[in-house]
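# Observations on the model geometry
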Amino acid sequence: MKRILYLLTLTLMLAGLLSGCQTNNRLDPKKPVTLTLWHTYGEPMVTSLDMLVDEFNSTIGVEKGIVVATGLVADPAAVNEKLLVAADGDPGAPQLPDLAVVNPNIAVKLANKGLLTDLASQFSEQELSGYVPAFLAEGKLGGDKLYILPIAKSTEVLYVNTTIFDRFAQDTGVTLAQLTTCEGIREAAEKYYAWTDAKTPAIPNDGKAFYYPEELSHFAMAGYAQLGGDFVSEQRFNLASPLFQRIWDAYYPPAVQGGVAIFDKYNSYLMQIGDVVCATATSAGVNFCPGTVTYADNRQEPLTIAILPYPVFDGGKKVALQRGGGMCVFKSNEQKEYAAAVFLKWLTEPEQNLRFTAQTGYMPVTLAAFDDYATEGANNASNENIKKVIETIAAMQEEYSFYVPPVFDGLNELQGAYESAMRQTAADSRREYLGLLAGQSQAQAYDSVSKGVFEKFTAEH
């Protein structure tokens, strides 16, 4: 009997201890826990997210005892800087938030410092299986632990100013279908430069650029993936691959000859002043498409946009990059980490996630939400451009695979150095090329300035 009583007492004590452990992450509606959220979204996403946060706080939050409070809203560079300063514990640095929208390249720095929660500990395997696998894979930062939960993802598309393109097409026979390949875009760029140059016969060599690839490292990553290779190898860009010649030929020759813009800002500016006809850029950039074109002589006309799938190299597979950060949860205590997971699960449920992404040019992150994305998103689009980008993304989801860029500390710097070098090389050659045209043909001038440049670039970078 004593032995039975001893075992019963021990069992009750263990049950009490286990119960106590479980209450560490249980929530008390009478004593709500407050979670601070930092994010980088601008309009219209900030409004969409604010509405959802308010809805959560007034429903699930009241029921369970969670309050989500937005602490910092700024551009990605400012948020990244504050996160890294806070992570280093610099004097005067702000306290780290509980949740933050973080780009993978910054998240890997935070994870390496041991500051992020492994979200897999808060989600069951069944719950995680409901997310788009490629979106979830990026959040693992190349390992097994899940540090970033996708809440909205973008990809890259081709924006075409049809206000200008239609006039060009009528005179030259170039079609939108030609812009489905990188080689087709290069051919169209050559024709467009000649077409615009001919409009001012008294001013030679003043043609305009046709195309602008907004991020050259992304252009190369997607191109390699389309052609069956990897642009990134052992934390370096693989310029020794024969595939790099294809990337180079799609950018350097038409940039030197004037058909591709050499620029380092957002494509919306070039579109707004009519200095390019088309550009590859993030689908989330649809919110910044200008409504008018204002030319150098102050003439204005309405700007109509066509949005096409990301172009593919001849013979390549249909591949485009996935872009956009996700939500990280910072290590704090069991209660806060559990509460953060409750919020994230609610935010990424199909109903909320579709409402969050439908007005923004972003993609939902669950398989269930994608089933309704094309119809629900397009039907609820706030303007025609949003509707177009949703329809394009939905078509790409059916036909394309989304490339997950590798994530490692230093990738941002590597990308910046590569893009700067590519632009500078093209700009130097362009300047020399224009100087030679006074006494040489275009073919002769290009041969002169391009001789040995590819070999030198690949050797030095």
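Residue positions within a chain follow its written sequence, with the count starting from 1. For this predicted model, a pLDDT threshold of at least 70 governs which residues receive local features, and a threshold of 80 or more governs which side-chain atom pairs are given and counted, while totals over whole chains, interfaces and linings are taken from all residues. Think of the side-chain values as coming from all heavy atoms in the structure, minus any hydrogens and water.

### Describing the packing of aromatic side chains
For this analysis, a ring pair means two rings from Phe, Tyr or Trp (six-membered ring only for Trp) whose centres lie within 6.5 Å, classed as stacked if their planes differ by under 30 degrees, edge-to-face if by over 60, and tilted for the remaining angles. Per the counting criterion, the structure on display carries 30 aromatic pairs. Ring centres 6.4 Å apart and planes at 70° place the aromatic pair Phe123 and Tyr131 in the edge-to-face group. With respect to burial, Phe123 and Tyr131 carry one shared label: buried. Following the ring pairs from residue to residue traces out a cluster consisting of Tyr224, Phe231, Phe237, Phe244, Trp248, Tyr252, Tyr418, Tyr446, Phe454 and Phe457. The aromatic ring of Trp195 is capped on one face by Lys199, whose charged end is 4.2 Å from the ring centroid. To sort residues, take the accessible area from a 1.4 Å probe on protein chains only and compare it with the maximum for the residue type: under 20% means buried, over 50% means exposed, and anything in between is partly exposed. Ring-over charges, as used throughout, are those where CZ of Arg or NZ of Lys falls within 6 Å of the ring centre and within 35 degrees of the ring normal.

### Some remarks on the state of the cysteines
When the sulfur atoms of two cysteines come within 2.5 Å, that pair is taken as a disulfide. Across all of its chains, the model carries zero disulfides by this definition. In this model Cys278 remains outside any disulfide bridge; the closest cysteine sulfur is found in Cys182, 11 Å from its own. Exposure remark for Cys278: the relative accessible area of 0% places this residue in the buried category.

### A few points about the nonpolar core
We define the nonpolar core as a collection of buried residues of types Ala, Val, Leu, Ile, Met, Phe, Trp, Tyr and Cys that are connected through side-chain atoms lying within 4.5 Å of one another. Ranked by size, the top nonpolar core spans 131 residues in total, and within it Phe210, Phe244, Leu344 and Tyr418 carry the most contacts. We call two residues in contact when some of their heavy atoms are within 4.5 Å. Not counting residues up to four positions away in its chain, the partners in contact with Phe244 are Tyr224, Phe231, Leu239, Tyr418, Met422, Phe454, Phe457 and Thr458. Ranked by size, the runner-up nonpolar core spans 19 residues in total, among them Leu83, Val108, Tyr147 and Ile148.

### Regarding unusual backbone geometry
Here the phi dihedral of Glu234 falls at roughly 55°; this positive angle occurs in a residue that is not glycine. Along the chain, Glu234 falls in the loop between strand E6 (232-233) and strand E7 (236-237). Its relative accessible area of 76% is what places Glu234 among the exposed residues. We note that Gln235 has phi near 60°; this positive angle belongs to a residue other than glycine. Here Gln235 lies in the loop between E6 and E7. The numbering of helices and of strands both runs from the N terminus, where a helix is a DSSP run of H or I of at least 4 residues and a strand a run of E of at least 2.

### Describing the packing of helix H10 (residues 216-226) against helix H17 (residues 411-436)
Note on method: axes are straight lines fitted to C-alpha atoms, helices fitted across the in-contact stretch only, with angles between N-to-C directions ranging 0 to 180 degrees. The contact between H10 and H17 brings their axes to 8 Å, and the two run at 100°. Looking at the two axes, H10 sits roughly perpendicular to H17. Listed contacts from H17 to Leu216, Ser217, His218, Ala220 and Met221 of H10 are Leu411, Gln415, Tyr418, Glu419, Met422 and Arg423. Residue classes in the contact of H10 with H17 are distributed as six nonpolar, three polar and two charged. Small angles under 35 degrees read as roughly parallel and large ones over 145 as roughly antiparallel, with 65 to 115 read as roughly perpendicular and the rest as oblique. Three classes are used, and their members are as follows: Ala, Val, Leu, Ile, Met, Phe, Trp, Tyr, Cys and Pro are nonpolar, Asp, Glu, Lys and Arg are charged, and the others, Gly among them, are polar.

Worth remembering: the numbers are spatial, not functional.
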